[in-house]
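A look at the structure
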Amino acid sequence: AQPGVAEATVNLATRQARVTLWEGGAAPDALVKAVTRAGYEAHPVKHSADHNEDAEEGTLWRDTILAAALTLPVFVTEMGGHIWPAFHHWLYMAVGTGPLWQTQMVLTALVLAFPGRRFFAHGLPALAHGAPDMNSLVAVGTLAAFGYSAVVALAPGLIPPESRAVYFEAAAVIVVLILLGRALEARARGRAGAAIARLAGLQPSTARRLDATGAAEDVAVADLAPGDQVQIRPGERIPADGTVESGTSAVDESMLTGEPLAVAKATGDRLTGGTVNGAGGLIMAVTATGEATVLARITRLVEEAQGSKLPVQGLIDRITLWFVPAVMLAAAVTVGLWLVFGPGLAEALIAGVSVLIIACPCAMGLATPVSILVGTGRAAEMGVLFRRGEALQRLDEARRIGFDKTGTLTEGHPRVVSITTTAENEGAILAQAAAVEAGSEHPLARAVLDEAAARGLPPEPATGFTAIPGKGAEAQVGGVMVQVGSARLFPDLAPALQQASDAVAARGESLIFIGAGGKASGLIAVADRVKPGARATIAELGRLGLGTIMISGDNALTAGAIGRDLGLTDVRAGILPEGKSEAVGALGRGTVFVGDGINDAPALAAADVGIAMGTGTDVAIEAGDVVLMTGDPRGVVDAINVGRAVMKNIRQNLVWAFGYNVALIPVAAGVLVPFGGPQLSPMLAAGAMALSSVFVLSNALRLRRLKPMPRTEDRP
């Protein structure tokens, strides 16, 4: 209700409120005051790390122990006689009923005033504002038990003799058990949010910066700036993003990407802050620090996903909005019915308090956010970043996956896959082709030059380079005019080359012919190779019951060949960039699209879930709901599995939380008593309520055991 607030959401698992303001809206201080007036403590935060979960857990354990120490004498003196009947007789003879009750009252008052103060500080203001919460239920229940017992202890004449009983132990034990439950919750929340803590711990605190003379000095990582030279010793963590200036090594990037194998690094290669250097020494040039690093960006994405709400949460919010007032009404009705039909006021009070305590909707509030917290954190460790939490629910509802081809299922840059020659050896043909292609800007020329370099064949000097429009190019190499290009340059092919050409064309690969005087002496087949894991990804998605489609701008022959190689039966080729989003939209609801290029951004946005390759363009990444850090297509399977596992976990939590309340509220109200069943005590109600929340948190923590799809290589 504050000026300029467009939207506000609260996540019970992360203990954060995310507020969206219109321009000129309320200042953060005003928002903090509004939350404080409602009975809560609040302060602006920049990162989840600002909330010290360890300190909160320590405070809860301290208060639990203090409350238990004060409650133990109350519990023993009141309940000891149920174990040893002679105990009460001896105690009453030694102390007297009045002094005993008054001692219990003082100890219980201390429990409520100090360890249990939080329930009243939060619950009573919420009740006064007409928005009672779970703290309100505890506050009303314990105050009712304590107030009634205090009247019995201090002014017994006001209570009928048959109803003169005290329930100080119930009020005190309720506080102990709920504090214990919250301490266990805090511990579980800390484990649930461990992904953020691990990410934050990846960055080292110091780095060895080199000065102008090459001397190394230890400086704080925060003092590094782009352009600084940093020495990385074997086994050290990379302190910031940068590039290798000198040295070679293998870097373990598994904590950021989920990839188990170390990545070879040499001069010019990129380094990511937080990864671990291997056995070699490196000199790095810093390119990004602080909030501009990949690690900081990953942390922000995980925080945003963990703080988001799924569409299903809207229904839960509407239910819980009315749940607490309904429980308070049910407790009042319970007390009324017991007063009319029950034996007395004391039993009516016990039934009402039990209803209030057992119905605390703590588990309902935690059921969804804690699963999101654990699931997205585990996904980040697997190299799958959820930019938007709602993608979890949509992935669970996915029915078909559309893939871009180039850069998504294939590596995105052509490579030489075979060489056929009629006379010279492969090396000679390749060297001649590289000499001519060195002067060309054609995309296939780079593939020829890369292959020659990989084989240690430097291009021979070429002179008189001439482009032949629509056909290729020619140049003088070693005194011979060598021609390189399409089949149009060589109308008559030798039978062996013609046969090889037909086979290459059938596979959808590109052809480069080499020859002289219009007579071809060899051909080079160039193709964009399928990514490792692409075939296994398509097969696994089929096993999961998902349809797979390739939507490519490439020609039908090449796209069809790649599709057959991958095991795809639905290949849609020749789709222009502006047509990709239309093609995705035509697939209907439940469509996921996976892409990496600028031309894929509209399709990523049009799909129910857009999955962007982290190795792709920034435009595509910004348009995606999910980012695969390594660009490995197997990450699509990981994303689907995380979405399904999280939603299954949420459904389990909700069934437990709602089913538990629906089943036990009538028991607490005493519906079983007329049939000879027991009346649930407030102490048992408090224990059951605390265990319900712990169950939900423990169930969500099982998501930490999710495994990524095996990264074994595809079999040919």
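What comes next is a walk through the structure. If you're wondering where the values come from, they're calculated on a predicted model, not measured in any experiment.

This part takes up the nonpolar core. The biggest cluster of nonpolar side chains holds 115 residues, and the ones touching the most others in it are Phe 386, Leu 395, Ile 401, Ile 611 and Val 626. Among the elements that take part in this core, helix α24 (residues 634–669) stands out by supplying 15 residues, more than any other. Those residues in contact with Leu 395 that sit more than four places away from it in its chain are Phe 386, Val 592, Val 609, Ile 611, Val 626, Ala 639, Ile 640 and Gly 643. By size, the runner-up hydrophobic cluster in this structure holds 22 residues, among which are Leu 430, Val 448, Val 484 and Ile 514.

It is worth spelling out the environment of Ala 433 at this point. Looking at the element boundaries, Ala 433 is found in helix α16 (residues 426–437). As a C-alpha pair, Ala 433 and Val 244 span 189 residues in sequence and 32 Å in three-dimensional space. For Ala 433, the residues in contact, after removing those within four places along its chain, are Val 448, Val 484, Ile 514 and Ile 524.

Time to look at the packing of helix α12 (residues 345–358) against helix α25 (residues 682–701). Helix packing geometry: the angle between the two helix axes and the distance between the axes. Their axes nearest at 8 Å, the elements α12 and α25 cross at an angle of 5°. With respect to each other, α12 and α25 are oriented roughly parallel. Where α12 approaches α25, its residues Ile 350, Val 353, Ser 354, Ile 357 and Ile 358 are matched on the opposing element by Pro 682, Ala 685, Ala 686, Ala 688 and Met 689. Within the contact of α12 with α25, the residues separate by chemical class into 9 nonpolar, 1 polar and no charged.

What follows is about α24. Helix length check: α24 (36 residues) gives 53 Å between terminal C-alpha atoms against 52 Å at 1.5 Å per residue, within 8%. A positive backbone phi angle near 100° is found at Gly 670, which sits one or two residues after α24.

Turning our eyes to something else, we now look at a nonpolar patch on the surface. Taken together, Leu 329, Val 333, Leu 337, Leu 339, Val 340, Phe 341 and Leu 345 make up a surface patch of nonpolar side chains, about 720 Å² in accessible area. Take the nonpolar patch: its biggest share by element is 6 residues, from helix α11 (residues 311–341). Here Phe 341 falls in the exposed class, since its relative accessible area comes to 69%.

In this section: the sheet that holds strand β21 (residues 571–572). With mixed pairing, 7 strands are arranged side by side in an open sheet as β12-β24-β23-β22-β13-β20-β21. Since the sheet does not close on itself, it has two edges, and those belong to β12 (384–386) and β21, each with one partner. In this structure, strand β20 (residues 547–551) lies alongside β21, joined through 2 bridges in parallel fashion. In the sheet register, Met 550 faces β21, and the bridge partner there is Val 571. Its contacts with the sheet place α24 against β12, β13 (400–403), β22 (591–595), β23 (609–613) and β24 (626–628), and it is angled at close to 50° to β12.

So, about helix α18 (residues 495–506). An ideal rise of 1.5 Å per residue puts 16 Å on 12 residues; α18 measures up with 17 Å between its terminal C-alpha atoms. Those residues of α18 lying buried are Leu 497, Ala 500, Ser 501 and Val 504. All buried residues of α18 lie within an arc of 105° about the axis, which places them on one face of the element. Residues of α18 that are exposed and angled more than 90 degrees away from the buried face: Pro 495 and Gln 499. The secondary structure elements touched by the buried residues of α18 are β14 (415–421), β18 (510–516) and β19 (519–527). Within two residues after α18, Gly 508 carries a phi angle of roughly 75°, on the positive side.

This part is about the pattern of salt bridges. Scanning the entire structure with this criterion turns up 20 salt bridges. Asp 396 is the partner of Arg 651 in a salt bridge, and the nearest nitrogen-oxygen pair spans 3.3 Å. With Arg 651 in helix α24 and Asp 396 in helix α15 (residues 391–396), this residue pair connects regions lying 255 residues apart in the sequence. Accessibility expressed as a relative area gives 42% for Arg 651, which makes it partly exposed. For Asp 396, a relative accessible area of 17% corresponds to the buried category. Glu 426 serves as the salt-bridge partner of Arg 455, at 3.2 Å between the closest nitrogen and oxygen. Residue Arg 455 is found in the loop between α17 (443–454) and β15 (462–468), and its partner Glu 426 is found in helix α16; the two are separated by 29 residues along the sequence.

This next bit is on the environment of Leu 345. Tracing the backbone through its elements, the reader meets Leu 345 in helix α12. According to the relative accessible area criterion, Leu 345 is partly exposed, its value standing at 33%. On a C-alpha basis, the gap between Leu 345 and Met 382 in space is 59 Å, while along the polypeptide they are 37 residues apart. Ignoring any residue separated from it by four or fewer positions in sequence, one finds Leu 345 in contact with Tyr 148, Ser 163 and Leu 339.

Criteria and cut-off values
- Residues numbered from 1 in each chain as written.
- Predicted model: local features only at pLDDT ≥ 70, side-chain atom pairs only at ≥ 80, totals over all residues.
- Heavy atoms only, no water.
- Core = buried A, V, L, I, M, F, W, Y, C linked by side-chain atoms within 4.5 Å.
- Buried < 20%, exposed > 50% of the residue type's maximum accessible area, 1.4 Å probe, protein only.
- Helix = DSSP H or I, 4+ residues; strand = E, 2+ residues; numbered from the N terminus.
- Contact = heavy atoms within 4.5 Å.
- Axes fitted to C-alpha atoms, helices over the stretch in contact; angles between N-to-C directions.
- Parallel < 35°, antiparallel > 145°, perpendicular 65-115°, else oblique.
- Nonpolar A, V, L, I, M, F, W, Y, C, P; charged D, E, K, R; others polar.
- Expected span 1.5 Å × (residues − 1).
- Patch = residues over 30% accessible without salt bridge, like charges linked within 9 Å, V, L, I, M, F, W, Y side chains within 5 Å.
- Areas by Shrake-Rupley, 256 points an atom, 1.4 Å probe, with all protein chains shown as cover.
- Salt bridge = Lys/Arg side-chain N within 4 Å of Asp/Glu carboxyl O.
- Pairing = 2+ DSSP bridges.
- Arc of directions from axis to C-beta.

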